[in-house]
Amino acid sequence: MGNLETLHQSNFKIGAYSFYEDLREGQPIFPMNSDGTNHSWMITKYDHVKELLKSPSFIKDQSKLFSSASKDTEKDDFNIFQNMMLDVDPPDHTRLRKLVQPYFNPKTIKQLEPRICEIADDLLNQMKQKETKVDLIDDYAFPLPIIVISEMLGVPAEDRDKFRQWSNTIVSASNEMDPDFMVDVEAFTTYLTELFEQRKAEPQDDLVSHLIQTEEDGEQLTRNELYSMIVLLIIAGHETTVNLIGNTMFALFKHPDQFEKVKDDCTLIPGAIEEGLRYYSPVDFSTARWADEDIDFHGQLIRRGDFIVASISSANRDEEKFERASQFDITRERNAHVAFGFGIHFCLGAPLARLEGKIALEKLLTTFPDIDLNLDVNPPEWRSVFLLRGLDSLPVSL
Ligand code: HEM
């Protein structure tokens, strides 16, 4: 049986899948914590995860639950995380999502294909020049999605190392009073304020300029929501697709039979991407939900105000849903994984991530068909970030 200690180990990611398997069998609605009144739960079964993510009884906005946390007072404090689309419920969620949805539809995203191919080619050319000491994360999986989202938004791609640091601090922070966190948030806010001033003076055909215009029009987007939207898109663009590319390549290296198949037939790449999403899900957990009422959830009483997190990684390895769930099989049929979530918060960037993943693998495998793990260095390690599954580095030989 899993226990709470496991969750706090720095190498938790290594043993996570057997821990989840134990939980699915023995304690699928797992009590993580309790302050005496409110409890925190982790749910691990595929069907439960979908049900949770779909149910309007589990909400995002905690301030609705506790009368002492008045929303109006909070709104007065400027905060770049306040009112993120990911953290609010309808009708605010519906309004915010509608503003950006057209930029992320599959048809609009498809138009980016030639530019994504160009970016991939440039990065691969730079890798050729390096020959040795190539790190697939730093040299390819990280810069590719960052350059794409930076160009969409209209933030200078040269500043990507700053964004990387800020994103990393934000997703790793366990405490908002942590001094490093506060310094980085302050720097990020100042950076965005300057960028917004520039774009206001000279609008461009980019998402930042369009959203500034929307904010100025005054009805659809507040100043705070403008900051939060850009912060969310930058973080989502930084912390996720890098893991999709890195994790899928890592799984292929570890399963040479599957790797040979995909090298022989590149029409199998989209299937490999879907299996990468399922097998090593880049986002391990959903973001927080709060119970809006007392609920009997599959025999477990969940009280109003309880905190619940859904383990996406566990759901995607649930034997009740996926045959041979612990096997990596790029030809798997009916791969209905929940790597992009489910329900109204289903990932806005899914079509973009899928296209980037497909192009990244196609270009990589045609340019370097002999690519393999570099066995002369230490084996790759998982980053110890609770919410995400991704590698720190992935040294390869070309
Ligand atoms: C939401 C995963 C890439 C933007 C989500 C959620 C998941 C997810 C699981 C739902 C979280 C929840 O319900 O708590 C992923 C994965 C990605 C990826 C696995 C890459 C492989 C991207 C990209 C973008 C993006 C490239 C955009 C640049 C968003 C946004 C939301 C979201 C804005 C919030 C949607 C809403 O609240 O309606 N993503 N994501 N994601 N994702 Fe992604």
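Here the structure is a predicted model, which is why all the values come from computation and not from measurement.

Caption draft 1: Representation of the packing of helix α10 (residues 160-172) against helix α11 (residues 179-201) within the structure. Packing of α10 against α11 leaves a shortest axis separation of 9 Å and a crossing angle of 135 degrees. Classed by the angle they form, the pair α10 and α11 counts as oblique. Seen from above, α10 lies across α11 with left-handed handedness. Only Asp 180, Phe 181, Asp 184, Val 185, Ala 187, Phe 188 and Tyr 191 of α11 make contact with α10, whose side of the interface consists of Lys 162, Phe 163, Gln 165, Trp 166, Thr 169 and Ile 170. Among the residues forming the contact of α10 with α11, the class breakdown is eight nonpolar, two polar and three charged.

Caption draft 2: Fine view of a negative patch on the surface. A contiguous patch of negative charge on the surface is contributed by Glu 21, Asp 22, Glu 25 and Glu 319. Structurally, the position occupied by Glu 319 is in the loop between α17 (312-315) and α18 (350-367). A residue is classified by how much of its surface remains accessible, and Glu 319, at 47% relative accessible area, is partly exposed.

Caption draft 3: Region of the structure containing the pattern of salt bridges. One pass over the structure, following the stated rule, counts 25 salt bridges. With a closest N to O distance of 2.6 Å, Glu 151 and Arg 115 form a salt bridge. Of the two residues, Glu 151 is situated in helix α9 (residues 143-153) and Arg 115 in helix α7 (residues 113-130); the sequence distance between them amounts to 36 residues. For Glu 151, a relative accessible area of 37% corresponds to the partly exposed category. Residue Asp 206 is joined to Arg 199 by a salt bridge in which the shortest nitrogen-to-oxygen separation is 3.1 Å. Residues Asp 206 and Arg 199 agree in their burial class; the two are buried. Linked by salt bridges that have partners in common, Lys 110, Glu 113, Lys 358 and Glu 362 make up one network.

Caption draft 4: Structural context of the packing of aromatic side chains. This structure, assessed with the given rule, holds 24 aromatic pairs. With 6.4 Å between their ring centres and 80 degrees between their planes, Tyr 20 and Phe 285 make a pair best called edge-to-face. With Tyr 20 in helix α2 (residues 12-26) and Phe 285 in the loop between α16 (269-279) and β5 (289-291), the pair connects residues that are 265 residues apart, well separated along the chain. Judged by relative accessible area, which is 1%, Tyr 20 ranks as buried. Take Phe 285: its relative accessible area is 1%, and that puts it in the buried class. Look at Phe 163 and Phe 188: their rings are 6.1 Å apart centre to centre, the planes differ by 50 degrees, and that puts the pair in the tilted class.

Caption draft 5: Local environment of the side chain of Arg 389. Take Arg 389: it is sitting in the loop between β9 (372-373) and β10 (395-397). At a separation of 3.2 Å, a polar atom in the side chain of Arg 389 contacts the side chain of Tyr 17. In this structure, Arg 389 is in contact with Lys 13, Ala 16, Tyr 17, Asn 243, Asn 247, Tyr 280, Ser 281, Pro 282, Asp 284 and Trp 382, ignoring residues within four places of it in sequence.

Caption draft 6: Focus on the nonpolar core. Membership of the largest hydrophobic core comes to 104 residues, with the highest contact counts inside it found for Phe 104, Met 249 and Ile 371. Contact partners of Ile 371, with chain neighbours within four places excluded, come to Leu 136, Met 249, Phe 253, Phe 259, Leu 364, Leu 365, Val 396, Ser 397 and Leu 398. Counting 18 residues, the second largest nonpolar core, distinct from the first, contains Trp 41, Ile 308, Phe 322 and Val 338.

Caption draft 7: Looking closely at the sheet that holds β9. Spatial ordering of the open sheet is given by β4-β10-β9, a layout of three strands whose pairing is antiparallel. The open sheet has two free edges, formed respectively by β4 (134-135) and β9, since each of these has just one partner strand. Across two bridges, β4 lies against β10 in antiparallel orientation. Residue pairing for β10: Asp 135 is matched across the bridge by Pro 395.

Caption draft 8: Region of interest: the site of the ligand. In the region of the ligand, 29 residues are neighbours, and His 93, Thr 287, Arg 289, His 345 and Cys 347 sit closest. Take His 93: an N or O atom from its side chain is 2.6 Å from an oxygen atom of the ligand. A distance of 2.7 Å separates an oxygen atom of the ligand from a polar atom in the side chain of Arg 289. When contributions to the shell around the ligand are tallied by element, the ones reaching two or more residues are α5 (92-104), α13 (223-239) and α14 (241-254). Within the shell around the ligand, the residues separate by chemical class into 18 nonpolar, eight polar and three charged.

Caption draft 9: Just the environment of Glu 113, in detail. Among the secondary structure elements, Glu 113 is positioned in helix α7. A C-alpha to C-alpha distance of 9.6 Å links Glu 113 and Leu 352, two positions 239 residues apart in sequence. When near neighbours in sequence (up to four residues on either side) are disregarded, Glu 113 contacts Leu 355, Lys 358 and Ile 359. Of the polar contacts made by the side chain of Glu 113, one reaches the side chain of Lys 110; its length is 2.5 Å.

Caption draft 10: Molecular detail of the environment of Leu 99. On the secondary structure map, Leu 99 appears in helix α5. By relative accessible area, which is 17% here, Leu 99 ends up buried. Linking Leu 99 and Ser 228, residues 129 residues apart in sequence, is a C-alpha distance of 13 Å. Other than its neighbours up to four places away in sequence, Leu 99 contacts Thr 214, Gln 220 and Leu 221.

About the cut-offs
Residues numbered from 1 in each chain as written. Predicted model: local features only at pLDDT ≥ 70, side-chain atom pairs only at ≥ 80, totals over all residues. Heavy atoms only, no water. Axes fitted to C-alpha atoms, helices over the stretch in contact; angles between N-to-C directions. Helix = DSSP H or I, 4+ residues; strand = E, 2+ residues; numbered from the N terminus. Parallel < 35°, antiparallel > 145°, perpendicular 65-115°, else oblique. Left-handed = near helix turned anticlockwise from the far one by under 90°. Contact = heavy atoms within 4.5 Å. Nonpolar A, V, L, I, M, F, W, Y, C, P; charged D, E, K, R; others polar. Patch = residues over 30% accessible without salt bridge, like charges linked within 9 Å, V, L, I, M, F, W, Y side chains within 5 Å. Areas by Shrake-Rupley, 256 points an atom, 1.4 Å probe, with all protein chains shown as cover. Salt bridge = Lys/Arg side-chain N within 4 Å of Asp/Glu carboxyl O. Lys, Arg positive; Asp, Glu negative; His and termini not counted. Charge placed at Lys NZ, Arg CZ, Asp CG, Glu CD. Buried < 20%, exposed > 50% of the residue type's maximum accessible area, 1.4 Å probe, protein only. Phe/Tyr/Trp six-rings, centres within 6.5 Å; stacked < 30°, edge-to-face > 60°. Polar contact = N/O pair within 3.5 Å; in protein donor to acceptor, adjacent residues only side chain to side chain. Core = buried A, V, L, I, M, F, W, Y, C linked by side-chain atoms within 4.5 Å. Pairing = 2+ DSSP bridges. Near = heavy atom within 4 Å.

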